[in-house]
Each structure stands twice: as structure tokens, then as C-alpha cells.
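Given next are the chains, with one letter for each unit.
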Amino acid sequence: MSKYAIFNELNGENVHVGIVRARWNGDITHNLYTGAVATFSDYGVPHDHMRKREVPGSFELPWMTQSLINTHEVDVVLAIGCLIQGSTPHFEYLANAVSNGLTTVSLQTGIPVVFGVLTCLNEEQARERSEGSHNHGPEWAKTAIELGNMQTEFRS
Ligand code: RBF
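Residues numbered from 1 in each chain as written. Predicted model: local features only at pLDDT ≥ 70, side-chain atom pairs only at ≥ 80, totals over all residues. Heavy atoms only, no water.

Draft legend 1. The arrangement of the side chain of S58 in detail. Inspection of the secondary structure assignment puts S58 in the loop between β2 (50-55) and α2 (61-70). Owing to a relative accessible area of 4%, S58 belongs among the buried residues under this scheme. With near-sequence residues (within four places) excluded, S58 lies in contact with A22, G81, C82, L83 and V98. (Helix = DSSP H or I, 4+ residues; strand = E, 2+ residues; numbered from the N terminus. Buried < 20%, exposed > 50% of the residue type's maximum accessible area, 1.4 Å probe, protein only. Contact = heavy atoms within 4.5 Å.)

Written out as C-alpha cells, the structure reads:
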């Protein structure tokens, strides 16, 4: 039995997606991002339906997500970041702010937001979740396609 979501057939050709990547822990978020973009393409999301943005760190993800939504050019946003616990409580503050921020943006705008933020105790955990067949980027992209299609149905 898989603990991960099973996806039914996905077709991304009508989905407009925003993809926001935080540059902190940049090797990790780069892998997550490239895995996600490749999967969007594999499932038919045209390149000109992808709005790509970068921000310095995860704390900035909610604001950029909201800004993309305000353009009315996206049906769904995938926000990608990687928080790695340090020796201060900063990690908890950031993780709370980012998860609450993305939830608030999604519920206040009515546009689905995919939580593509790894919260890891160390770099090894982050690598495990962003490399090879364990890369979470592709799975988040599939989630975004499913939700983007639902969103366009609600609108029509
Ligand atoms: N941003 C991340 O995306 N991941 C992190 O692990 C991370 N750790 C941080 C630790 C400290 C002590 C500070 C000051 C910032 C960190 N940030 C991290 C950056 C944060 O998300 C944001 O970009 C900056 O605080 C500027 O608003």
C-alpha cells in the first residue's frame, strides 16, 4: 500500500499554473522545481501556461503566490521551498508563517495553492526528498494539475 496519493488520469492542457521557487537551500529547491516543471510538461501543460517566479526565501512565498493570483492568469499555484532546522527557533517561526500564509492566500482568493515546502531536520532529509525517484516535485505538479482542473470547472 502506498502512503502517497494515487492520481487518476491527468490532463494538463487547459491548466494555467503559477510556480514560485524560493532560492534558500537552492540545490534542493532547484531539483524540486525541475522535477515539477518536467512533470507539468509530461502531462500536457503548455509552456506558455506556466508563470514562473523566484523569491529569496520561503517567507516570501505567500506574497509572491498572492501576487501571481492577482494577475488572474493562473488556476493554481505551486509554491516551492525548503526549510532546514537550525540551532535557533527560527525554523518554527518560518514554517508556521509559510504554511499559514499559503493557506490564507488560498482560502482568501479561492485559488488552490499546493504546499511544496519541505520542512526537514537536516540536509540529508532534504536531499532524500528532492532527488531521483523520491523527488516530491513531480507529485506536487500532479496535485496542481488535478486542482487546477477542478478550479477551472468551478469557474465555468
Ligand atoms: N528560507 C528558506 O527558504 N529556508 C530556510 O531554511 C531558511 N532559514 C533561514 C534562517 C534564518 C536564521 C534566516 C534569518 C532566514 C532564513 N530563511 C530561510 C530566509 C527567509 O525565508 C526569508 O527569505 C528572509 O528572512 C527574508 O525575509
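Draft legend 2. Structural view of unusual backbone geometry. For N25, which is not a glycine, the phi torsion comes out positive at approximately 50°. On the secondary structure map, N25 appears in the loop between β1 (17-22) and α1 (26-42). Notably, H72 is not glycine yet its phi reads approximately 60°, a positive angle. Structurally, H72 can be placed in the loop between α2 and β3 (76-84).

Draft legend 3. Examining the pattern of salt bridges more closely. In the structure shown here, the tally under the stated rule is seven salt bridges. Across the pair E123 and R127 runs a salt bridge, and its minimum N-O distance is 2.9 Å. Here E123 pairs with R127, and both are found in helix α4 (residues 123-128), just four residues apart, close to one helical turn. Owing to a relative accessible area of 43%, E123 belongs among the partly exposed residues under this scheme. Of the residues examined, R127 reaches a relative accessible area of 28% and is grouped as partly exposed. Among the ionic contacts, a cluster of salt bridges with common partners joins R21, R23 and E54. (Salt bridge = Lys/Arg side-chain N within 4 Å of Asp/Glu carboxyl O.)

Draft legend 4. Region of interest: the nonpolar core. Membership of the largest hydrophobic core comes to 25 residues, with the highest contact counts inside it found for V17, I19, F40, M50, L78, I80 and L118. Counting residues per element, the ones that place at least two in this core are β1, α1, β3, β4 (113-120) and α5 (136-155). Considering each element in turn, this core owes the most residues, six residues, to α1. Residues contacting I19, with those up to four places away along its chain left out, are Y33, V37, F40, M50, R51, K52, R53, L68, L78 and I80. Residues I69, L83, F91 and V98 belong to the second largest nonpolar core, which totals 19 residues. (Core = buried A, V, L, I, M, F, W, Y, C linked by side-chain atoms within 4.5 Å.)

Draft legend 5. Local environment of the environment of V114. Here V114 is to be found in strand β4. A relative accessible area of 5% places V114 in the buried class. It is 19 Å that separates the C-alpha atoms of V114 and W24, two residues lying 90 residues apart in sequence. If sequence neighbours within four positions are ignored, V114 has contacts with V76, V77, L78, A79, W140, T143, A144 and L147.

Draft legend 6. Layout of the site of the ligand. Close to the ligand lie W24, N25, G57, S58, F59, E60, C82, L83, I84, H90 and L94. A distance of 2.5 Å is found between an oxygen atom of the ligand and a side-chain nitrogen or oxygen belonging to E60. Here an oxygen atom of the ligand sits 3.1 Å away from a polar atom, N or O, in the main chain of I84. Summarising the interface, the protein chains cover 67% of the accessible area of the ligand, which totals 550 Å² for the free molecule. Mapped onto the shell around the ligand, the elements with two or more residues apiece are β3 and α3 (90-109). Per-element accounting of the shell around the ligand gives the leading share, three residues, to β3. Of the residues assigned to the shell around the ligand, the class counts are six nonpolar, four polar and one charged. (Near = heavy atom within 4 Å. Polar contact = N/O pair within 3.5 Å; in protein donor to acceptor, adjacent residues only side chain to side chain. Areas by Shrake-Rupley, 256 points an atom, 1.4 Å probe, with all protein chains shown as cover. Nonpolar A, V, L, I, M, F, W, Y, C, P; charged D, E, K, R; others polar.)

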